[in-house]
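Here is what each chain is made of, one letter per residue.
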Amino acid sequence: MSGHGGAPAIRVRGLGHTYTGQTAPALSDVSFEVAPGEVVAVLGPSGAGKTTLFRCVTQLIEVEQGIVEVAGRRLGELRGRELGFARREVGLIFQQFNLVRRLTAEQNVLAGRLGHVPTWRVLSRRFDQGDRALALSCLARVGLSDQAGQRADRLSGGQQQRVAIARVLAQQSSLVLADEPVASLDPTSATHVLETLRGVARERGIAVLSSLHQVDLATRFADRIVGLREGRVMVDRPAAAFGAADYVLTFDRPRPAVPPPPDGDERTRGRAVDSSTSLRITR
Amino acid sequence: MLVAALLGVYGVSIRLADVDPAALLEGLPRMAEWVGRSWPPDTTDLGLLLLRAAETAAIALVGTTLAAVLALVSCTMAARNLTPSAFVRLPTRWLLNTLRGIDSFVFAILFVAAVGLGPFAGVLGVALHTWGSMAKLFAESIEDLPAGPLDAVRLTGASRVKLVSYALVPDALPGLSSIGLYMLEFNVRTSTVLGIVGAGGIGLELKNSLDLLNFPRLLTVIIIILLMVTAVDQLSSRLRRRLA
């Protein structure tokens, strides 16, 4: 399905969830896989179940129906220390970046090591040489070496999101969940962040599962698109093959008339006028 | 209907509080006479009075610091975002509300009986009441922090101690320090009267001077209190502005 081979980083089989007091399930019979190094975009109208899906994978909701396996471990059967170990395997990227505002960029990246580091080192802020070198190399990978000592709340939104990417790199997760990672960013920063995310996924064999609400970004940056509607998987196909019919299946309405911007140099396109128009319409 | 109820409450309250303007009018000339007799302030005991003022400040500082340590430990157990379990959080809140509900003055009376006259009883009184107030304010301040960064760090697999020390303390510290300074300011004012029940500080001299009807000395005491309270308020508000 993915073309990357090897065991999937995440395997979801028949996942269902119904919130207490609700009759309609938030998720029903959801199945898909993401291979190492693969970027999968989850599309769908609001209320389609994207948030519920993410909450199941991060174990904020107990998996009651179906199977979720991350790095070969089945979620829902783990407690205490084992749960902590399983959580380390899943790195998270949030719409609001969620950095600790008064810590520096480097300290925020080191937060990705908290699951690995002994408590006394965290209390005394004395990380060992290996962890510090790792944090700096992760910052370098996202192009922010020069901002290592800058406080997080002094960075731009795009820079903060790249620090958050460096944080999941430092965490050395095999799976990254990104919840609307560029919804709060301008088009140029959004492009830069998604390029970075796709780049690190390729290099390090990290599986990325990202919700996006802009279809043109999904088709440009994802390898595969999973379309969710009313808690069901309506579409699961390579991003290049995601067509008008798939859009209707996912969103239950035709795609707006203005086509996505033509392929070209992404950096210049982010600044172009027609690109911002198309973003407004596809949103 | 509401207006009638309010008027009723006020009517009853005024009766209960024994409000008597005639008595005030009668008393005013007597107070005016005291003010006249208190000038010029008596500075013969100035050394002793300043020592008592320093004692008052010390009670406030030691009591507030003790309370801050206790509050820091207990506030995480009272904050909803750090302690979702009601089994831990509610009993912690009950304890803190009880401490907060009993004034430093009342605690001081109890501690004078338990550990004897002197400033130490005042320190314990201030510490216990402030613990309750401060932990409640700390917990509210922590609950107001954005949830996102805490969730992000919790989901890296960090334990509770790591989460609090690494992700919570840096963002919470300015708010908590500001609350601590505010409580210190408040306790300097509280500590000025603790001496009345024998719990140390300048309140003791306030009561002595009044008992002896030594108004010039009383005026000196009042001036010292005003200067000390104003100085501490100024210092604390300046520090708090720098934290913001």
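Residues numbered from 1 in each chain as written. Chains lettered and ligands numbered in written order. Predicted model: local features only at pLDDT ≥ 70, side-chain atom pairs only at ≥ 80, totals over all residues.

Structural notes on the overall build of chain B
Moving on, step 1. Per the secondary structure count, chain B includes ten helices and zero strands.
Moving on, step 2. Along chain B, helices (α) and strands (β) appear in the sequence α-α-α-α-α-α-α-α-α-α when read from the amino end.
Moving on, step 3. Over its C-alpha atoms chain B spans a radius of gyration of 23 Å, topping by over 25% the 18 Å that the globule rule assigns to 244 residues.
Moving on, step 4. Principal-axis analysis of the C-alpha atoms places the extent of chain B at approximately 70 × 55 × 40 Å.
Moving on, step 5. Here chain B holds 244 residues, and the buried ones make up 40% of them.
Moving on, step 6. In chain B, the proportion of contacts linking residues at least 24 apart, taken out of those at least 6 apart, comes to 73%. (Helix = DSSP H or I, 4+ residues; strand = E, 2+ residues; numbered from the N terminus. Rg over C-alpha atoms; globule rule 2.2 N^0.38 Å. Buried ≥ 20, exposed ≤ 12 C-beta atoms within 10 Å, placed from the backbone. Contact = placed C-beta atoms within 7 Å.)

Focus on the overall build of chain A
Moving on, step 1. The secondary structure content of chain A amounts to eleven helices and ten strands.
Moving on, step 2. Taking all 283 residues of chain A together, 44% fall into the buried category.
Moving on, step 3. Within chain A, contacts between residues at least 6 apart in sequence are counted, and of these 68% link residues at least 24 apart.

Side note on the sheet that holds strand E3 (residues 39–43) of chain A
Residue and element names in this part refer to chain A.
Moving on, step 1. Taken in spatial order, the six strands make up an open sheet running E6-E7-E8-E3-E9-E10, and their pairing is mixed. Each edge of the open sheet is held by one strand with a lone partner, namely strand E6 (90–93) and strand E10 (232–238). Across the sheet, the axes of successive neighbouring strands diverge by a mean angle of 20°, strand direction being ignored.
Moving on, step 2. Across the sheet, helix H6 (residues 157–171) lies against E6 and strand E7 (175–179), angled at about 175° from E6, the strand it touches most. (Pairing = 2+ DSSP bridges. Axes fitted to C-alpha atoms, helices over the stretch in contact; angles between N-to-C directions.)

Some thoughts on unusual backbone geometry
Moving on, step 1. Each neighbour pair has its own omega, and for B:Trp39 with B:Pro40 the value is -5°, a cis peptide bond.
Moving on, step 2. Residue placement: B:Pro40 occurs in the loop between helix H2 (21–38) and helix H3 (46–78).
Moving on, step 3. At A:Glu230, a residue that is not glycine, the phi angle is positive and equals roughly 50°.
Moving on, step 4. Assignment of secondary structure puts A:Glu230 in the loop between strand E9 (224–229) and E10.

Considerations on helix H9 (residues 203–211) of chain B
Residue and element names in this part refer to chain B.
Moving on, step 1. Within H9, burial applies to Gly203, Leu204, Glu205, Leu206 and Ser209.
Moving on, step 2. Each element contacted by the buried residues of H9 is listed here: H3, helix H8 (160–194) and helix H10 (215–243).
Moving on, step 3. Where H9 terminates, the next one or two residues include Leu213, which has phi positive at roughly 55°.

Examining the interface of chain A and chain B
Moving on, step 1. In this assembly, 22 residues from chain A lie in contact with 17 residues from chain B.
Moving on, step 2. Mapped onto the side of chain A that touches chain B, the elements with two or more residues apiece are helix H2 (80–88) and helix H4 (119–124) of chain A.
Moving on, step 3. A per-element tally of the side of chain A that touches chain B places H2(A) first, with four residues.
Moving on, step 4. A per-class count over the side of chain A that touches chain B returns ten nonpolar, eight polar and four charged. (Nonpolar A, V, L, I, M, F, W, Y, C, P; charged D, E, K, R; others polar.)

Describing the sheet that holds strand E4 (residues 65–70) of chain A
All names here are of chain A.
Moving on, step 1. Strand order in the open sheet made by the four strands is E2-E1-E4-E5, with antiparallel pairing throughout. Here the strands that pair on one side only, and so sit at the sheet edges, are strand E2 (27–34) and strand E5 (73–74).
Moving on, step 2. The sheet contact formed by strand E1 (residues 10–17) and E4 spans five bridges and is antiparallel. What sits directly across from Gly16, in E4, is Gln65.
Moving on, step 3. Lying over the sheet, helix H1 (residues 50–57) contacts E1, E2 and E4, oriented at roughly 120° with respect to E1.

Describing the packing of H6(A) against helix H7 (residues 187–204) of chain A
The relative placement of two packed helices comes down to the angle between their axes together with the axis-to-axis distance.
Residues and elements named next belong to chain A.
Moving on, step 1. Put simply, H6 and H7 touch, their axes get as near as 9 Å, and they point 10° apart. The angle between H6 and H7 falls in the class roughly parallel. Read as a crossing pair, H6 and H7 show a hand that is right-handed. Taken together, the residues of H7 that come into contact with H6 (itself represented by Gly157, Gly158, Gln161, Arg162, Ile165 and Leu169) are Ser189, His192, Val193, Thr196, Leu197 and Val200. (Parallel < 35°, antiparallel > 145°, perpendicular 65-115°, else oblique. Left-handed = near helix turned anticlockwise from the far one by under 90°.)

As for the packing of H3(B) against H8(B)
Residues and elements named next belong to chain B.
Moving on, step 1. Where H3 meets H8, the axes come as close as 8 Å, and the angle between the chain directions of the two elements is 145°. The two elements H3 and H8 meet at a crossing, and its hand is right-handed. Facing Thr56, Ala57, Ile59, Ala60, Leu61, Gly63, Thr64, Ala68 and Thr76 of H3, the residues of H8 in contact are Val164, Gly180, Met183, Leu184, Asn187, Val188, Ser191, Thr192 and Leu194.
Moving on, step 2. Split into classes, the residues belonging to the contact of H3 with H8 amount to ten nonpolar, eight polar and no charged.

A closer look at the domain arrangement of chain A
Residues and elements named next belong to chain A.
Moving on, step 1. Here chain A is described as being made up of domain 1 (1–89 + 175–283) and domain 2 (98–172).
Moving on, step 2. On the side of domain 2, eleven residues touch domain 1, which itself brings 13 residues to the contact.
Moving on, step 3. When residues in the side of domain 1 that touches domain 2 are grouped by element, the largest group, six residues, is from H7.
Moving on, step 4. A breakdown of the residues in the side of domain 1 that touches domain 2 according to their chemical character gives six nonpolar, five polar and two charged. (Domains from an automatic or database assignment.)

Brief notes about the nonpolar core
Moving on, step 1. The biggest cluster of nonpolar side chains holds 141 residues, and the ones touching the most others in it are A:Val109, A:Ala166, A:Val208, B:Met134 and B:Phe138.
Moving on, step 2. The element that contributes the greatest number of residues to this core is H8(B), accounting for 14 residues.
Moving on, step 3. Structurally, this core is a two-domain feature, drawing no fewer than three residues from each of domain 1 (1–89 + 175–283) and domain 2 (98–172) of chain A.
Moving on, step 4. Not counting residues within four places of it along the chain, the set of residues in contact with A:Val109 comprises A:Ala135, A:Cys138, A:Leu139, A:Val163, A:Ala166, A:Arg167 and A:Ala170. (Core = buried A, V, L, I, M, F, W, Y, C linked by C-beta atoms within 7 Å.)

Things to note about H10(B)
All names here are of chain B.
Moving on, step 1. In this model H10 runs 42 Å from its N-terminal to its C-terminal C-alpha over 29 residues, within 8% of the 42 Å that 1.5 Å per residue would give.
Moving on, step 2. All of the buried residues along H10 are Arg217, Leu218, Thr220, Val221, Ile224, Ile225, Met228 and Val232.
Moving on, step 3. In this fold, the buried residues of H10 make contact with H2, H3, H8 and H9. (Expected span 1.5 Å × (residues − 1).)

Looking at the environment of A:Leu197
Moving on, step 1. Considering the arrangement of structural elements, one finds A:Leu197 in helix H7.
Moving on, step 2. Contacts of A:Leu197, omitting those with residues within four sequence positions, involve A:Ile165, A:Ala178, A:Pro181 and A:Val208.

Observations concerning the confidence of the model for chain B
Moving on, step 1. On average, residues of chain B score 89 in pLDDT, and 100% of them are at 70 or above.
Moving on, step 2. Two numbers describe this predicted complex: its pTM, 0.76, and its ipTM, 0.75. (pLDDT = per-residue confidence, 0-100.)

So, the pairing of strand E8 (residues 207–211) of chain A
Along any regular strand, the residues point their side chains to alternate faces of the sheet.
All names here are of chain A.
Moving on, step 1. Extensive coverage of E8 is indicated by the burial of five of its five residues.
Moving on, step 2. Neither face of E8 is open: one carries Ala207, Leu209 and Ser211, the other Val208 and Ser210, and all of them are buried.
Moving on, step 3. In the sheet, E3 pairs with E8 via four bridges, with the strands oriented parallel. Following the sheet pairing, Val40 is matched in E8 by Leu209.
Moving on, step 4. At this point the chain moves from E7, through H7, to the parallel E8, and the crossover so formed is right-handed. (Right-handed = clockwise from strand over helix to strand, strands pointing away.)

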